[in-house]
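# Fold and contact review
Spelled out from the first residue to the last, the chains are:
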Amino acid sequence: MLIRKLNILAFSDVHAPRYLPLFIASLNAILNYSPDIIILAGDIIDHGRTNALSTVVNPLCKKFPNIPIVAIFGNEEYFDIEDKLINSYSQITWLSDSVLTLTIKGIKICIVGSRGVLEKPTPWQRKNIKGIEYMYKKRVEVLRDLLVKAKQKCEVVILVTHYAPTFITVKGEPFTAYPYLGSRSLERILRETQIDLVIHGHAHNSRVLEASLGITRIYNVALPARKGITKIEFHKVSSREETQKGLLRFLKVKGGEK
Ligand SMILES: [Fe+2]
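Residue positions are given per chain, counted from 1 along the sequence in the order it is written. The predicted origin of the model limits local features to residues at a pLDDT of at least 70 and limits the giving and counting of side-chain atom pairs to 80 or more, whereas totals for whole chains, interfaces and linings rest on all residues. The side-chain figures draw on all heavy atoms in the structure; neither hydrogens nor water molecules are used.

### Details of the sheet that holds strand β6 (residues 107–114)
The test is simple: Here, a strand pair is defined by DSSP locating no fewer than two bridges between the strands. Only DSSP runs of H or I covering at least 4 residues are called helices, and only runs of E covering at least 2 are called strands; the numbering of each starts at the N terminus. Fitting a line to C-alpha atoms yields each axis, with helices limited to the stretch in contact; the angle taken between N-to-C directions then spans 0 to 180 degrees. Here, two residues are considered to be in contact whenever any of their heavy atoms come within 4.5 Å of each other.
Read across the sheet, six strands follow the order β5-β6-β7-β8-β10-β9 without closing on themselves; strand pairing throughout is mixed. Edge positions in the sheet fall to β5 (98–104) and β9 (210–213), since each has one partner strand and no second. Across the sheet, the mean angle separating the axes of adjacent strands is 20° when strand polarity is ignored. In this sheet, β6 lies alongside β5 in antiparallel orientation, the contact comprising seven bridges. Looking at the pairing, leucine 102 lines up with isoleucine 109 of β6. Together, β5, β6 and β7 (156–161) form the strand contacts of helix α5 (residues 132–153), whose direction differs from that of β6 by roughly 175°. Contacts from helix α6 (residues 184–193) reach β7, β8 (197–200), β9 and β10 (216–220) within the one sheet, and its direction differs from that of β9 by about 55°.

### Observations regarding the state of the cysteines
Worth spelling out the cut-off: Counting rule for disulfides: a pair of cysteine sulfur atoms within 2.5 Å. Buried residues are those whose accessible area, probed at 1.4 Å on protein chains only, stays under 20% of the maximum for their type, while exposed residues exceed 50% and partly exposed ones sit between those limits.
For the structure shown, the criterion picks out one disulfide. Across a sulfur-sulfur distance of 2.3 Å, cysteine 110 and cysteine 154 are joined as a disulfide pair. In this structure, the disulfide formed by cysteine 110 and cysteine 154 twists by about 55° around the S-S bond and is classed as right-handed. Linking cysteine 110 in strand β6 with cysteine 154 in the loop between α5 and β7, this pair joins segments that are 44 residues apart in sequence. Each member of the pair cysteine 110 and cysteine 154 is classed as buried.

### Looking at the pattern of salt bridges
Cut-off, in case you're wondering: The working definition used for a salt bridge is a side-chain nitrogen of Lys or Arg within 4 Å of a carboxyl oxygen of Asp or Glu.
Applying the stated criterion across every chain yields a total of 13 salt bridges. Put simply, arginine 115 and glutamate 82 hold a salt bridge, and the shortest N to O gap is 2.9 Å. One end of the pair, arginine 115, is in the loop between β6 and α4 (123–128); the other, glutamate 82, is in helix α3 (residues 82–88), and 33 residues separate them in sequence. We note a salt bridge from glutamate 187 to arginine 191, for which the minimum N-O separation is 2.9 Å. Taken together, the positions of glutamate 187 and arginine 191, both in helix α6 and four residues apart, correspond to about one turn of that helix. Among the residues examined, glutamate 187 registers a relative accessible area of 12% and is labelled buried. Arginine 191 gets classed as partly exposed once you look at its relative accessible area, which sits at 49%.

### A closer look at the confidence of the model for the protein
So the rule is basically this: Note on scores: pLDDT gives the predictor's confidence for each residue, bounded by 0 and 100.
Across the protein, the average pLDDT comes to 92, with 92% of residues at 70 or higher. Of the regions scoring below 50 in pLDDT, residues 253–258 engages in one contact with residues more than four places distant in sequence or in other chains.

### Considering the sheet that holds strand β4 (residues 92–95)
Taken in spatial order, the five strands make up an open sheet running β4-β3-β2-β1-β11, and their pairing is mixed. Edge positions in the open sheet fall to β4 and β11 (230–238), since each of these has one partner strand only. Pairwise comparison of adjacent strand axes, ignoring direction, gives a mean angle of 25° for this sheet. Strand direction decides the pairing type here: strand β1 (residues 2–11) and β11, joined by nine bridges, are antiparallel. Residue pairing for β11: leucine 6 is matched across the bridge by phenylalanine 234.

What follows is the structure in structure tokens.
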């Protein structure tokens, strides 16, 4: 049996500049730690303030240079500033109903990223985004498809969304707010696909910050709920057969056999 460890640093909902002091204090408190990847799960800025992202990303990159940063958009990273964010922060890989494949410590990882799905669109969304209900319904199908394909392709599959993909990790919020914080339709997909990790934000007042759905571990990494940045230590356990199969595949590819 082979056990490999991935250090994932994750957070959401800094709402810079609102919780920036909490973020900086938490970042400064991290000592003797080296992440393999950094994941930003949305609402890093408040009210579409594109420039505020630098107040988070600059100290982050200074402390952890050359570590891959993967981000998704939250509801505060408005649709109409997405291109500006992508163009202004090229050190970040932005995912929007898309997948990134990368190899870290010899582990092939697929990260599927999306703003996520709400069970009920907010009154603002209903008024301002035409076809929002259909968009959410369609997004569930798209994410299912991406996760199924990722499972076939990668050893480790991670889903990152801003909205909660289950109601379990929003517990502590007012019950009536649940449909505006996440959706159980993605929970059904998680039960079906059994991916490795799910990282989300948006629920600032949740008291249940971690949960399991079968083998899938779910983390709510909202900075105000956690009172800081989240360190996730993920262990990839491979059986001897899986390790041997992986080695054989590697040798075949090295030998030029497709
Ligand atoms: Fe949010």
